[in-house]
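# Notes for the structure review
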Amino acid sequence: MTDEKMIQLAINTIRTLSIDAVQQAKSGHPGTPMALAPLIYTIWNRVMRFDPQDPIWPNRDRFVLSNGHASMLLWSVLHLTRIQAVNADYERLDHPSVSLEDIRHFRQLDSKAPGHPEYHWVSGVETTTGPLGQGVATSVGMGIAEKWLANRYNRPGFEIFDYNVYAVCGDGCLMEGVASEAASLAGHLGLGNLCWIYDNNHITIEGKTRITFTEDVEARFLAYGWNVLRVGNANDIERIEHALEIFRKTKERPTFIVLDSHIGYGSPHKQDTAAAHGEPLGDEEVRLTKRSYGWPEDAKFLVPDGVYEHFAAGIGARGADARRQWTELFATYRSKYPELANEVELMQRRELPAGWDRDLPVFPADPKGVAGRDASSKALNVLAQNIPWFLGGSADLGPSNKTTLTYEGAGDFEADNPAGKNLHFGIREHAMAATVNGLSLSKLRAFGATFFIFSDYARPAIRLSALMEIPSIFIFTHDAMGDGEDGPTHQPVEHLASLRAIPGLVTLRPGDANEVIEAYRYIMQLRHEPAVLVLSRQPLPTLDRKKYAPASGVARGAYVLGDASRGNPEVILIASGSEVSLAVEAHEKLVADGIRSRVVSMPSWDIFEHQTQEYQDEVLPPHVTARVAVEQASTFGWERYIGRTGRMIGMKTFGASAPLKELQKKFGFEPDQVATAAKELLGRK
């Protein structure tokens, strides 16, 4: 068989596997895989540096399928290239990532070919995609990571990091605001290692794009500062490869390739229609389409002779050779730069360097106290010096979030300074969160910050970090009503409940400066969970830890902060964040009145609920039903801790614009009101 015929056979194998999987599942999106099979073939088998035998090789090129509904493109190519599976401990397993049986069971329970690409579930998937725009936005974080890694670890003659990032997107991705935010940032930073390929097929679910999307996309990306190319025929692999070659030669700015395609290519009745987008072709149309490809009409899940071998001779051989050369280079690098090599190896396993938490501050008791954001600032500046690959920034609120790294040499990451550890995301909260995910997927420890109220803008990417099980860090300040005069538009109410509802996300709201430090100590050791840190703007009293329990209790999610001197508690006060000191004051009043009160600091529901039942019952004895919870947030969910008979002092409305003390009085966040609620539960005056 000629090379040209074998290439077409390989492309049509991708197409027909996709068609058959969708048809068998009676669910899915066949049209885009039919259109983009030549592109995927070209990227994977002719361009990318990727070793199927080692899909987590640190210097591999990255591929992101941002239009994740076209997942059969990815499952087909992962299967045909025989990508090997890797487990959660980064161990390579001796079986394929995606088998033909998985493809036969596309979108079915436990198949490694789910409906959208899943990072933590299938090796060879670089990021979970599906919500449109997220993939391309995450790819910007991957591009930033390569620039930073290359600057820190490369030495003359040792190009340890020089990978490229390829992201495929569609009209839907480009309509989503997160993609615009991310593209603007990537253009500003001149990410020459980043290439987006736009599937320009003029179709969305509702029909032709002319009903909603008529802007000049090329002009838009030129305005962002990208290099813009166009390939007028998605079946022309030579032109595609030439455009990708131009990308690799373009060093000072990212590349945007417009690829004109026909959705549902080859389908006699559904090509170029919305019907090809999100539903099976139907048995008769499948046969007609296969006939147009010169394919056996009744064959299902056919991989013709020679196709596996063709991919093995392409990406298999090229990737293995590239990885072998890198491995040999890294061995020499390790002997010449052992400390840097050790950093790379620790990073790849998501481990921390020795002494990573040395010099973290301990704050003395102080009734005036320290703002959560100020304690956080001290922690960040210590951690960033102890952990070389720890970096991050804010969505234009660094001075307010107190997240700016101010130690000598920290620097700002910019196009002309890839060494900087301060990332400036601009007012782009959604892209910031997705970019942080991209950095984390690249094994850096990264954080992004903004006001807690604006977690709304970042939430979709935060949710994906939990879905992917990656240790992204999100720092939110101005946690409640502490910025009083700004009013309800800037006062979070429902946000704690919203984030606590995300499975696998660790949400921490520390109650004083020492709890902030312990929160960081806990967060930094996470390997497979993202974390949200919710901090106060205003000073919080620093508790006397000689009188109250040590702040190390944060690591258990909730802990007994203070008890009456004798006997079992009659009433339990529970609080998080800025209300902990309030609960302590109320506790002292109750104890002075002869009431056996216990005060519990509960910075994290999630961590607490992962403790043993025995420990949970020690902190919150089931027989003590008189319970008062205090939190300047929605009362939603607190019934799990206070029961049906307990009392919740929280927010049932939005806030108001006024000085903090007036707001605290108006909404009942005062010690006397907490103590009164406790007495009422006990039937005492």
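Please read all numbers here as calculations on a predicted model, not as lab measurements. (Residues numbered from 1 in each chain as written. Predicted model: local features only at pLDDT ≥ 70, side-chain atom pairs only at ≥ 80, totals over all residues. Heavy atoms only, no water.)

### Re the overall build of the protein
Inclusion rule: For the purposes of this entry, the term helix denotes a DSSP run of H or I that reaches at least four residues, the term strand denotes a run of E that reaches at least two, and both are numbered from the N terminus. Values of the radius of gyration come from C-alpha atoms, whereas the globule rule sets the reference at 2.2 Å times the count of residues to the power 0.38. In this scheme, a residue with accessible area under 20% of its type's maximum is buried, one over 50% is exposed, and one in between is partly exposed, where area comes from a 1.4 Å probe on protein chains only. What makes two residues a contact is simply this: any of their non-hydrogen atoms within 4.5 Å. With residues, only the protein chains shown are counted as cover, and all accessible areas are computed by Shrake-Rupley using a 1.4 Å probe.
Within the protein one finds 24 helices and 22 strands. A compact globule built from 685 residues would reach a C-alpha radius of gyration of about 26 Å, and the protein, at 28 Å, matches this within 12%. Every one of the 685 residues in the protein was classed for burial, and the buried ones make up 63%. Long-range contacts, defined here as pairs at least 24 residues apart, represent 76% of the contacts in the protein between residues at least 6 apart. Total accessible area on the protein stands at roughly 26000 Å², and carbon and sulfur atoms take up 49% of it.

### Notes on the pattern of salt bridges
The line we're drawing: By convention in these notes, a salt bridge is any Lys or Arg side-chain nitrogen within 4 Å of a carboxyl oxygen on Asp or Glu.
Under the counting rule described, the total for this entry stands at 36 salt bridges. Residue D512 is joined to R545 by a salt bridge in which the shortest nitrogen-to-oxygen separation is 3.0 Å. Taken together, the residues span a long stretch of sequence, with D512 in the loop between β15 (506-508) and α18 (513-523) and R545 in the loop between β17 (539-542) and β18 (559-563) at a distance of 33 residues. The pair formed by D512 and R545 is uniform in burial state, with each residue classed as buried. In this structure, the salt-bridge partner of R596 is E570, at a minimum N-O distance of 3.9 Å. Of this pair, R596 sits in the loop between α19 (580-592) and β20 (597-601) while E570 is found in the loop between β18 and β19 (571-575), placing the two residues 26 residues apart along the sequence.

### A word on the environment of D672
With respect to the helices, strands and loops of the structure, D672 is situated in helix α24 (residues 671-682). Each C-alpha atom, one on D672 and one on A583, is 9.9 Å from the other, the two residues being 89 residues apart in sequence.

### Side note on the pairing of strand β8 (residues 227-231)
What counts here: DSSP bridges decide pairing: two strands pair if at least two such bridges lie between them. Here, the term right-handed applies to a crossover whose path from the first strand over the helix to the second runs clockwise when the strands point away from the viewer.
Counting buried positions along β8 gives 4 out of 5 residues, so the element sits mostly inside the fold. Taken together, the 5 bridges between β8 and strand β9 (residues 255-260) define a ladder with parallel strand orientation. Bridging across to β9, V228 finds its partner in F256. Once the chain exits β8 it traverses helix α9 (residues 237-249) before rejoining the sheet at β9, and the crossover so formed is right-handed.

### Quick notes on helix α1 (residues 3-25)
One full turn of an α-helix is made of 3.6 residues, so residues set three or four places apart face in the same direction. In plain terms, the rule: Helix span is expected to be 1.5 Å times the residue number reduced by one.
A rise of 1.5 Å per residue sets the reference length of α1, with its 23 residues, at 33 Å; its end C-alpha atoms lie 33 Å apart and thus fit the reference within 8%. Counting buried positions along α1 gives 18 out of 23 residues, so the element sits mostly inside the fold. One or two residues past the end of α1 sits K26, with phi positive at roughly 55 degrees.

### Here's the deal with the confidence of the model for the protein
Cut-off, in case you're wondering: The predictor attaches a confidence to each residue, called pLDDT, with possible values from 0 through 100.
On average, the protein scores 97 in pLDDT, and the residues at 70 or more come to 100%. Within the protein, the lowest mean pLDDT, 85, falls on strand β3 (residues 92-96), and the highest, 99, falls on strand β4 (residues 165-169).

### Considerations on the sheet that holds β8
What counts is decided by this rule: Only C-alpha atoms enter the line fits that serve as axes; for helices the fit covers just the stretch in contact. Angles between N-to-C directions range over 0 to 180 degrees.
With respect to topology, 5 strands assemble into an open sheet ordered β1-β4-β5-β9-β8, the strand pairing being parallel. The two strands at the open ends of the sheet, each matched to only one other strand, are β1 (62-65) and β8. Direction aside, the axes of adjacent strands within the sheet are offset by 15 degrees on average. For β4 and strand β5 (residues 194-200), the ladder comprises 5 bridges, and the chain directions are parallel. From the neighbouring strand, Y166 faces β5, where its bridge partner is C195. Strand contacts of helix α2 (residues 31-47): β1, β4, β5 and β9, with the helix running at about 175 degrees to β4, the strand carrying the most contacts. Helix α5 (residues 134-153) rests against β1, β4 and β5 of the sheet, and its axis sits at about 170 degrees to β4.

### Comments concerning the side chain of D199
As a reminder of what qualifies: Positive residues here are Lys and Arg, negative ones are Asp and Glu, while His and the chain termini are left out of the count. In protein, a polar contact requires one atom able to donate a hydrogen and another able to accept it; more generally it is a pair of N or O atoms within 3.5 Å, and residues adjacent in sequence count only if both atoms are side-chain atoms.
By the secondary structure assignment, D199 is in strand β5. The buried charged residue D199 lacks any salt bridge partner; its closest oppositely charged side chain belongs to R230, at an N-O distance of 10 Å. Within the structure, D199 has its side chain in polar contact with the side chain of N201 (distance 3.0 Å).

### Re the packing of helix α15 (residues 429-441) against helix α16 (residues 455-468)
Condition: Orientation categories follow fixed angle ranges, with anything under 35 degrees roughly parallel, anything over 145 roughly antiparallel, 65 to 115 roughly perpendicular, and all other angles oblique. Put simply, Ala, Val, Leu, Ile, Met, Phe, Trp, Tyr, Cys and Pro go in the nonpolar bin, Asp, Glu, Lys and Arg in the charged bin, and everything else, Gly too, in the polar bin.
With their axes 6 Å apart at the nearest point, α15 and α16 run at an angle of 20 degrees to one another. Classed by the angle they form, the pair α15 and α16 counts as roughly parallel. Residues E429, H430, A433, A434, N437 and L441 of α15 form the contact with α16, whose own contacting residues are Y457, A458, P460, A461, L464, S465 and M468. Residues that form the contact of α15 with α16 fall into these classes: 9 nonpolar, 3 polar and 1 charged.

### A closer look at the pairing of β20
Within β20, 5 of the 5 residues are buried, which leaves it mostly tucked inside the rest of the structure. Of the pairings in the sheet, the one linking β18 to β20 comprises 4 bridges and is antiparallel in character. Bridging across to β20, D563 finds its partner in R598. For β19 and β20, the ladder comprises 5 bridges, and the chain directions are parallel. Paired with A575 across the strands is S601, a residue of β20.

### Focus on the sheet that holds strand β12 (residues 422-424)
Sheet architecture is open: 6 strands sit in the order β12-β11-β13-β14-β16-β15, paired in parallel fashion. The two strands at the open ends of the sheet, each matched to only one other strand, are β12 and β15. Each adjacent strand pair in this sheet contributes to an overall mean axis angle of 20 degrees, direction not counted. With 3 bridges joining them, strand β11 (residues 390-394) and β12 adopt parallel strand pairing. When the bridges of β12 are listed, G392 appears paired with N422. In this fold α15 packs onto β11, β12, β13 (445-451) and β14 (473-477), with an angle of close to 165 degrees to the strand it touches most, β13.

### So, the environment of T127
Within the secondary structure, T127 is located in the loop between α4 (100-104) and α5. In this structure T127 comes out as buried when scored by relative accessible area, which is 4%. As a C-alpha pair, T127 and Y337 span 210 residues in sequence and 31 Å in three-dimensional space. Ignoring any residue separated from it by four or fewer positions in sequence, one finds T127 in contact with V64, P117, Y119, T138, M142, L441 and M468.

### Observations regarding α15
Taking 1.5 Å of rise per residue, the 13 residues of α15 would be expected to cover 18 Å, and the 18 Å separating its terminal C-alpha atoms lies within 8% of that figure. Burial within α15 is extensive, with 13 of its 13 residues counted as buried. Among the residues trailing α15, K443 stands out with phi positive, at a value near 80 degrees.

### With respect to the nonpolar core
Applicable threshold: For our purposes a nonpolar core is just a set of buried Ala, Val, Leu, Ile, Met, Phe, Trp, Tyr and Cys residues, chained together by side-chain atoms within 4.5 Å.
Y153, W196, F256, L573 and I574 are the most contacted members of the largest nonpolar core, which totals 165 residues. Sorting elements by how many residues they give to this core places α5 first, with 10 residues. Contact partners of I574, with chain neighbours within four places excluded, come to V600, M602, L620, V628, A629, V630, W638, Y641 and I642. Ranked by size, the runner-up nonpolar core spans 63 residues in total, among them F63, L74, Y166 and V303.

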